[in-house]
Structures are given as C-alpha cells and as structure tokens.
Amino acid sequence: MPKAVQYSANSVIYFSGDFDARVFLLHSGHIALNSLDIETGAQVTEYIKTGEFFGVKSALGNYPREESAMVLTDSLVYTFSVAEFESFAQTNTRIILQMLKVFSRQLRNIHHQLESLMDSKQQTNNEDGLFTVATAFYKSQHYQAAAQVAARYRALYPAGKYLAAIGPIIANSTQMAGRSFGEARQTGSVNAAPGGGAAQPEQSNDASVELTFQLAEDLAKQQKWADAYKQYHTIIELKQGANIEASYLGAARCLYKQAEYVRCIQLGTGFITQFPKSLKLAEILMFLGLCYQGMDRPDKALPFYDKALTMAGPLLVPKIKELQATCEGAIHA
C-alpha cells in the first residue's frame, strides 16, 4: 500500500543523482523540481501540481534522479513502490495517457536542445576569455601570471567592460608578488614580518576575498546575475571576511533575479539560522517574500514582509509597505 509522508517546508525529498525506487504523488502542499538545462546549463524549475506524480521515469527506469525535489511549503506526499505504481496505473488508464503526454513533451524538448547544441557555432569572446584567465590565475594564487594577463587586458581593452575589476587584480597581484602558489617562499627580509617572522598568509586571503566581493558587486551592477552569484557564493563557502553577510544578500538578489525562487528561499533560510541578529535580516526576509510572491503565493509572502517591516531601516520601509499592499490586494482579490 502507498505510504503517506509529511514533509516540512524547505526540506528535500531527493537530490539529483540519487538512486530511489519510489514514485511520488503530491496530495497537498507545494513542491518544485530543479534540474539543469542541457543546452545552457541554467537551472530549470518545474512546479508540481496537487494530484500529480513525480519521480516516475527514474524509478521505472532504475537510473539516478535527473532533478532535485524541493519542498516549498509543508506537504503531504504519497509514496509508491514501482510494483505498487504499476498495479495502480494498470487500473487507471488515464494515468498512463497522462504520463505518455508528459514523456513525449520532455523528449521533444531534449531533441530540440540537442539539435541546437549540435548546430551551435558560437564564437569565443576574446575579452571575456582574457578576463576569465586573469581571475582564474588570481584565485589560484598565481599572482605574477594574473598581473601579466590583467595588464594585457587593460592594454587591449582600455575601455573594456571588466576594467573596474581588472584594476584591483593588478594592484593586489603586484602587492602579493612572491606569494604565488607553487613559488618558493624566501625567508629573507622581503617576505619577513616586522617581528622577523614569516609573512602572514591571512593578508593574502583577506585580499582575495575582498577582490572576489568587488568582482561580484561589479558583475551585479552589470546585471550578470549568474556570474555574480558564483562570486558571492565563493565567499559564502569560504565562511570568512567582512563581507560574508553582504555576500548572502547579494547571492539572494542574484537568485531572485534569475527566478530561482527555491534556491533563494533555501539560501535565505540558511542566513536566518546563521545570522539571526544581522542588520541585513530585513532585506533577506524581503527577498523570501518576493520569492513566494513570484511563486504566486502572496499568503506565504505577507508574513515575511510583516516581519521585515519590524526591523527595516527607513530607506527600506516604503518598499516593503508597497509589497505588503500588493500581497493584500492579491489575497483579497
């Protein structure tokens, strides 16, 4: 017999790559399936409707999950073994027809994406490539190479779109010359600390984190949300630096701008747990509300706006009040 399982909001039913021989039926609540577009590599989110099955293909085919199933709100789900699902489907031909339609549509989408990939003749952007090489050298602590590539970029593209980010790479790389990864560290006066000890590695780490944050901010100003998110997330993973809370906020903004609402909610929830007294809590709560509003759940968004309003600064209050009014109007419409 199928089993009824209650999942709490922000939990995960399964991750992409998991082996799981269960089929799921959403009885109540809201669940999102996150996968990657094979053409662009961008995240694709599909929202499961009440009464819909999910996890069918991988369970029946006995291969790893192709998507992650994220629980957005408290949800009740029925789980079937493969044998139970097959028995149930045999007595409900409507389910078989529905699955065939879904699988057919998915196969057509995959076919179109593969055709596009095979026919694609995108040319590499030299400016983007040069900037990527410079930042890669810098992040791997090959400072001399980073400075050389960055200087080459500035010479070739004096008005380039990454010029604001190139300057700090050159300055910091020059300052940290001799500390590159893989280079011999001399014990002479050049690298010695004032007290005669070795130079402190924390300085280069702090500079690297600061540079990464500057890159993220510059990319966000250019509305390159995916690239900016990667830089913010690098700082979050390092768990160090003065800008870690600002990086959470920047990452949340990037995810929201890309309509990756589930990931944004997860990130924001993690921030609240880790920094419950942060001065940026109101903005994080606002983004959580925006995500639920983006998922057409004004009833879930409104409590976040209410809470954010109690701790927001004067500049943020008008925006939150406007969002509150929008939600209240949608709820009572």
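Summary of the structure given here. Numbering of residues begins from 1 in every chain and follows the order in which that chain's sequence is written. This being a predicted model, a pLDDT of at least 70 is required before a residue's local features are given, and a value of 80 or more before pairs of side-chain atoms are given or counted; all residues contribute to the totals for chains, interfaces and linings. Heavy atoms from the whole structure form the basis of all side-chain values; hydrogens and water molecules are not counted.

## Thoughts on the pattern of salt bridges
A pairing counts as a salt bridge when a side-chain nitrogen of Lys or Arg comes within 4 Å of a carboxyl oxygen of Asp or Glu. One pass over the full model with this rule turns up five salt bridges. Arg22 is the partner of Asp20 in a salt bridge, and the nearest nitrogen-oxygen pair spans 2.9 Å. According to the relative accessible area criterion, Arg22 is partly exposed, its value standing at 29%. The salt bridge partner of Glu66 is Lys57, with a shortest N-O separation of 3.5 Å. Residue burial is assigned from relative accessible area. The probe radius is 1.4 Å, only protein chains are included, and a residue is buried under 20% of its type maximum, exposed over 50%, and partly exposed in between.

## Side note on the environment of Pro298
Put simply, DSSP marks the helices as runs of H or I at least four residues long and the strands as runs of E at least two long, and each gets a number from the N terminus on. Looking at where Pro298 falls in the secondary structure, it is placed in helix H12 (residues 298–309). Any pair of residues with heavy atoms lying within 4.5 Å of one another is described as a contacting pair. Other than its neighbours up to four places away in sequence, Pro298 contacts Tyr292, Cys327, Ala330 and Ile331.

## Some details on the nonpolar core
The set of buried Ala, Val, Leu, Ile, Met, Phe, Trp, Tyr and Cys residues whose side-chain atoms join them within 4.5 Å is what this entry labels a nonpolar core. Membership of the largest hydrophobic core comes to 64 residues, with the highest contact counts inside it found for Ile166, Tyr232, Met286 and Tyr305. For this core, the element with the highest residue contribution is helix H11 (residues 281–294), accounting for ten residues. Tyr305 has contacts with Met286, Gly289, Leu290, Gln293, Ile320, Leu323, Gln324 and Cys327, leaving out every residue within four places of it along the chain. Listed in part, the twelve residues of the second largest apolar core include Ile13, Ile31, Ile48 and Val77.

## Things to note about the environment of Asp296
By secondary structure assignment, the location of Asp296 is in the loop between H11 and H12. Classification of Asp296 as exposed rests on a relative accessible area of 63%. Through-space distance from the C-alpha of Asp296 to that of Cys327 is 9.6 Å; in sequence the pair is 31 residues apart.

## Regarding the environment of Ala228
With respect to the helices and strands, Ala228 occurs in helix H8 (residues 225–238). Under the relative-accessibility criterion, Ala228 is labelled buried at 0%.

## Topic: H12
A helix is expected to span 1.5 Å for every residue after the first. With twelve residues, H12 extends 16 Å from end C-alpha to end C-alpha; this agrees with the ideal 16 Å at 1.5 Å per step. Every buried residue belonging to H12 is among Pro298, Ala301, Leu302, Tyr305 and Ala308, and all of these are buried. Down the axis of H12, the buried side of the element spans an arc of 130°, and every buried residue falls inside it. As used here, the arc is the angular range of directions from the helix axis to the C-beta atoms.

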